[in-house]
Amino acid sequence: MVKNTGKVIIRFRFSKLKDLKYISHLDFVNLFIRALRRAEIPIAYSIGYHSKPKLSFAFALKVGWESVGEYGDIILDKYFLPEIFIKEMNNQLPKELRILNVKSGSFSKSLSSQINYAKYHLKLSFYPEFKKEQEIDSLKKLLEGKIKNLNNQYFKEVKYFSDRLVDFKIRNIHNNMLIFSFLTPIGSGDDLNLDSFINFLHLIKNEQKFILNRVLRVNMFRKEGNFLINPFSLLK
Amino acid sequence: MNLKPVDIYPLINNVKKPSQYVGGELNSVYKDIEKCKASIVLAFPDLYEIGMSNLAIHILYNIINNHPDFVAERTFAPWLDMEKQMRKTNTPLFSLESRLPVKEFDLLGFSIQHELCFTNILNMLNLAKIPLRSKDRKDEYPIVIAGGPAVFNPEPMAPFIDFFVIGDGEKVIIEILKKVSELKKKGFKKTEVIKKISRITGIYVPDFYDITYEVDGRVRQIKVINSFPTSVIKNIIIDLSSYNESLKLIVPNTRVVHDRFWVEIMRGCSRGCRFCLAGSIYRPLRERTTQSILNSIKEGLKETGYYEVSLSSLSSTDYSQIEYLLRILRKNLENSHTAISLPSLRCDAFSVKLANFIGHERKTGLTFAPEAGTQRLRNVINKNITDEEIYECIRVAFSNGWEKIKLYFMVGLPTEEQDDLDGIVYMINKILKIAKFEVSKNKWRRVKINITISPFCPKPFTPFQWVGQDSIKSLRKKMNYLSSRLRKRKVFIKFYNIGRSQIEAILARGDRRISKAIEIAWEMGCKFDNWAEQFSYNNWMAAFKKVGIDTYYYANRNRKEDEIFPWEIIHNGQKKEFLFNEYKKALNEKITPDCRLAGCNNCGLQEIIKCPIS
């Protein structure tokens, strides 16, 4: 089961949900390191004065956001069966943090240099509720940049957001609850600033108030042209 | 009883560090309180990140939750932004584990580490919707209790606390819970429960004592009502190992001040520094066996995953087996990427050699507390280290690659003169010379001498409990003098706030008459007084003025030998005569050697317990 074959990378996908969304990224890294140690995973450490475990994550998740599509890389001293890694780690991690999938490899560039897109779901509640389906439809068109004779006041903002909201969909759960689903660049300087997006929604939806109930990062990818490549496929 | 947890989610979306209110940490325990025979909320009157760094909370939490009949949960002072949300939504103070209002528990137990958290206690009671004063709390409210180092003078908080637990809490907390569950079952009223509990060793119930005062304000008499104890002897656990070996530390999900695995190796100190409250109240000195410590660390690191272990005590290098312990520990932890931390170092070369031995991977800094700048003044305070020892310690530190040294001094010590202030300046200059000699040129730019200078604050149960604190004017003058003389490259000075120290001095040796001022200070917005940005000297002074409290009387007045102190109802073990004798020796610059090395000093402890040293 355990073979000494030199440098081994385990790439894992994990979720961070519910109460754990309140933990900052730095605190989360500490929590993860402690779990690795309790699980007795043979982590490799950097050398030097202040040796650290060779562990990295793709992109920090903002406090208050949840995710089912986070990725991390860990370099091990010895080969470790991926299935055992999932089992041992999930035994040590809080239930709101689950390792979902794992792949081992021997070479990879850093996650943050490979991943350039993320998919999000935003869940919003609107008050008062939408009276007609057409109102939801026109909101969608606005955000997709499809409304031609738009008030100049919003033109730049709409262009900014619609350039960054790829494959934008609105799903209507109830008359007052919508889920926005979209892909957006990440880590490139072209990132969508979700806070600005929410502020913009407040601006254009002034006849209704809304509450952002949930931000969920669904997954992360490398987008090349029209293709979305899963981070596991990037591990050699 | 249909207990409903508080919905915290609407509150924590817009606060700093929301994770501190959420709980769910590794090794935290959830039990259904309705199925338990007695329940307690352990309340720490400061932020989560401070409280979770306090070992006492973990120890009591473990002991109580390991008992099948009882449950302990935790609560901490919410920060200002969270408090605002709580008040806006009428949300009561809640426990972390079940998120139930703390009012629903049988007991609410505060751990009071220092006087500057008194207002936080009142704030937490108010947030919990519990009446502040004991006399106003009927049976539907929990019994409010308090323990910790600052309750050795319980009087300033006497009207707010139903009873105090004096001394070590490990054994007595279970006795208290057993009594509560037994009497609850029989339907006893709260006052009866407290009466029965008062018979347990170490329990002080302020209601059973009446204090009268002379015209000049001094205590005339402490009168005991009925047949309650005339003296409350503190609890002492002799065998630390039996309580703490299987301690499961709760591992916070968020960064706390001391984010590491703590193991208590020793409790108490026999050095006898005359200003030190901890050295007095934690006597006698007791050590855990090395095997017990090693077992704790082995199991503890496995349970928690921490990568730093800290050996905790008042003076870790005084542990009798310290070299042996560190040798075994270093061997056991080899290749495990676990750092060993040895805080509370004595200012001697031996300590530095130990610090070096444990191989700090990155030698960032060492901290020492010479406290005074001259041998004469160190003799007065019985800090038994010589100038030569200090300089040798510093030399060894720099020559072994340490780059930053932190030094603590006090000003305003009894008998202090100008020469003593110049002694601090001389010492720092000498330390700089040593550093220049020992540190290589390429490392010189990283050398830093950090100095913290604090006003001396006399504490109860110390030989200096008779001494008045130096005046604000005098302290300010001294600090300004040191600031001007120590303005040098490589030297960085921090001064502890004089106003805050004065408030601490008033509260530390206050009596029940102070309690109204504490309440008014809280009403005026005082809380988190130990946080520089929150402390309001003006509000405190206004509160004292409103109640007619003479601050000079409490802080600056020298007491006479025969004065009755408000805290005398508590029996700490050391005789008052011994402490006064120490005070006289201080004035004559005479030292008292460490009783562990030079034999028993007859402090009085041996009359109440079989002292491990005598």
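Cut-offs applied
- Residues numbered from 1 in each chain as written.
- Chains lettered and ligands numbered in written order.
- Predicted model: local features only at pLDDT ≥ 70, side-chain atom pairs only at ≥ 80, totals over all residues.
- Helix = DSSP H or I, 4+ residues; strand = E, 2+ residues; numbered from the N terminus.
- Rg over C-alpha atoms; globule rule 2.2 N^0.38 Å.
- Buried ≥ 20, exposed ≤ 12 C-beta atoms within 10 Å, placed from the backbone.
- Contact = placed C-beta atoms within 7 Å.
- Pairing = 2+ DSSP bridges.
- Axes fitted to C-alpha atoms, helices over the stretch in contact; angles between N-to-C directions.
- Domains from an automatic or database assignment.
- Nonpolar A, V, L, I, M, F, W, Y, C, P; charged D, E, K, R; others polar.
- pLDDT = per-residue confidence, 0-100.
- Parallel < 35°, antiparallel > 145°, perpendicular 65-115°, else oblique.
- Left-handed = near helix turned anticlockwise from the far one by under 90°.
- Arc of directions from axis to C-beta.

1. Looking at the overall build of chain B
Then comes step 1: When you go through chain B residue by residue, the secondary structure sums to 23 helices and 19 strands.
Then comes step 2: A compact globule built from 614 residues would reach a C-alpha radius of gyration of about 25 Å, and chain B, at 24 Å, matches this within 12%.
Then comes step 3: With the C-alpha coordinates aligned to their principal axes, the bounding extent of chain B is approximately 70 × 65 × 50 Å.
Then comes step 4: By residue count, 49% of the 614 residues in chain B fall in the buried class.
Then comes step 5: A separation threshold of at least 6 residues defines the contact pool for chain B, and within that pool the share at least 24 residues apart is 77%.

2. Some points on the sheet that holds strand β5 (residues 163-165) of chain B
Residues and elements named next belong to chain B.
Then comes step 1: Strand order across the open sheet formed by 6 strands is β2-β1-β3-β4-β5-β6, with mixed pairing between neighbours. What marks the edges here is a single partner per strand, and that holds for β2 (70-76) and β6 (203-204).
Then comes step 2: When strand β1 (residues 38-44) meets strand β3 (residues 107-111), the two strands line up parallel, connected through 4 bridges. From the neighbouring strand, Leu-42 faces β3, where its bridge partner is Gly-109.
Then comes step 3: Sheet strands in contact with helix α6 (residues 172-185) are β1, β2, β3 and β5, and its direction is about 135 degrees off that of β1.

3. Thoughts on unusual backbone geometry
Then comes step 1: Note the cis peptide between Tyr-127 of chain A and Pro-128 of chain A, where omega equals -10 degrees.
Then comes step 2: Within the chain, Lys-17 of chain B stands out as a residue other than glycine whose phi angle is a positive 50 degrees.
Then comes step 3: By the C-beta count within 10 Å, which is 20 here, Lys-17 of chain B ends up buried.
Then comes step 4: Even without being glycine, Asn-335 of chain B reaches a positive phi, approximately 65 degrees.
Then comes step 5: By the secondary structure assignment, Asn-335 of chain B is in the loop between α11 (322-332) and β14 (339-341).

4. With respect to the sheet that holds strand β13 (residues 308-312) of chain B
Residues and elements named next belong to chain B.
Then comes step 1: Within the open sheet, the 3 strands sit side by side as β10-β13-β14. Their pairing is parallel. This sheet does not close on itself; its edge strands, each paired only once, are β10 (261-264) and β14. Averaged over all pairs of adjacent strands, the angle between strand axes in this sheet comes to 20 degrees, irrespective of strand direction.
Then comes step 2: As paired elements, β13 and β14 share 3 bridges and run parallel to each other. Looking at the pairing, Ser-310 lines up with Ser-341 of β14.

5. Digging into the domain arrangement of chain A
When the parts of a complex come together, some accessible area is lost, and that lost area is often taken as the interface size.
All names here are of chain A.
Then comes step 1: Domain parsing of chain A yields domain 1 (8-114) and domain 2 (117-232).
Then comes step 2: The distance between the C-alpha centroids of domain 1 and domain 2 comes to 30 Å.
Then comes step 3: Residue-level contacts link 14 residues of domain 1 with 12 residues of domain 2.
Then comes step 4: Listed by contribution, the elements that provide at least two residues to the side of domain 1 that touches domain 2 are β3 (66-76) and α3 (111-114).
Then comes step 5: Of all the elements, β3 adds the most residues to the side of domain 1 that touches domain 2, at 5 residues.
Then comes step 6: For the side of domain 1 that touches domain 2, the per-class residue count stands at 7 nonpolar, 4 polar and 3 charged.

6. Topic: the interface of chain B and chain A
Then comes step 1: The interface is formed by 18 residues belonging to chain B together with 16 residues belonging to chain A.
Then comes step 2: Among the residues making up the side of chain B that touches chain A, the classes are represented as 6 nonpolar, 8 polar and 4 charged.

7. Structural notes on the confidence of the model for chain A
Then comes step 1: Averaged over all residues, the pLDDT of chain A equals 85, while 92% of them reach at least 70.
Then comes step 2: Confidence drops under a pLDDT of 50 for residues 1-5 of chain A, and excluding neighbours within four residues, the segment shows 9 contacts in the predicted structure.

8. What to know about the environment of Thr-304 of chain B
Then comes step 1: Residue placement: Thr-304 of chain B occurs in helix α10 (residues 290-304).
Then comes step 2: Taking the C-alpha atoms as reference, Thr-304 of chain B lies 38 Å from Val-193 of chain B; in sequence the two are 111 residues apart.
Then comes step 3: Those residues in contact with Thr-304 of chain B, other than ones at most four positions away along the chain, are Arg-34 of chain A together with Leu-26, Leu-249, Val-251 and Phe-261 of chain B.

9. Overview of the packing of helix α5 (residues 118-127) of chain B against helix α19 (residues 515-523) of chain B
All names here are of chain B.
Then comes step 1: In contact at an axis separation of 9 Å, α5 and α19 are set at 65 degrees when each is read in the N-to-C sense. Considering their axes alone, α5 and α19 lie roughly perpendicular with respect to each other. For the crossing formed where α5 meets α19, the hand is right-handed. Taken together, the residues of α19 that come into contact with α5 (itself represented by Phe-118, Thr-119, Leu-122 and Asn-123) are Ile-518, Glu-519, Ala-521 and Trp-522.
Then comes step 2: A class-by-class count of the residues in the contact of α5 with α19 yields 5 nonpolar, 2 polar and 1 charged.

10. Let's talk about the pairing of β1 of chain B
A regular strand carries its side chains on alternate faces of the sheet.
Residue and element names in this part refer to chain B.
Then comes step 1: Burial runs high along β1: 7 of the 7 residues are buried.
Then comes step 2: Burial along β1 is two-sided: the residues Ala-38, Ile-40, Leu-42 and Phe-44 and Ser-39, Val-41 and Ala-43 are all buried.
Then comes step 3: Summarising the sheet, β1 and β2 pair through 7 bridges and their orientation is parallel. Residue pairing in the sheet places Val-41 in a bridge with Glu-73 of β2.

11. Some remarks on the domain arrangement of chain B
All names here are of chain B.
Then comes step 1: Domains assigned within chain B are domain 1 (9-233) and domain 2 (241-505 + 563-598).
Then comes step 2: Each of domain 1 and domain 2 was reduced to a C-alpha centroid, and the two centroids are 30 Å apart.
Then comes step 3: Contacts between domain 1 and domain 2 engage 34 residues on the former and 36 residues on the latter.
Then comes step 4: Where the side of domain 1 that touches domain 2 is concerned, the elements lending two or more residues are α2 (48-51), α3 (55-65), β7 (209-213), β8 (219-224) and β9 (232-233).
Then comes step 5: If you tally residues by element for the side of domain 1 that touches domain 2, the top one is α3, at 6 residues.
Then comes step 6: Taken together, the residues of the side of domain 1 that touches domain 2 break down into 18 nonpolar, 9 polar and 7 charged.

12. Focus: helix α4 (residues 80-88) of chain B
Count 3.6 residues to each turn of an α-helix, and residues three or four apart come out pointing the same way.
Residues and elements named next belong to chain B.
Then comes step 1: Along α4, the residues that are buried comprise Met-82, Glu-83 and Met-86. When α4 is viewed along its axis, its buried side chains cluster within an angular range of 100 degrees and face the same direction.
Then comes step 2: Asn-90 lies just past α4 and shows a positive phi near 60 degrees.

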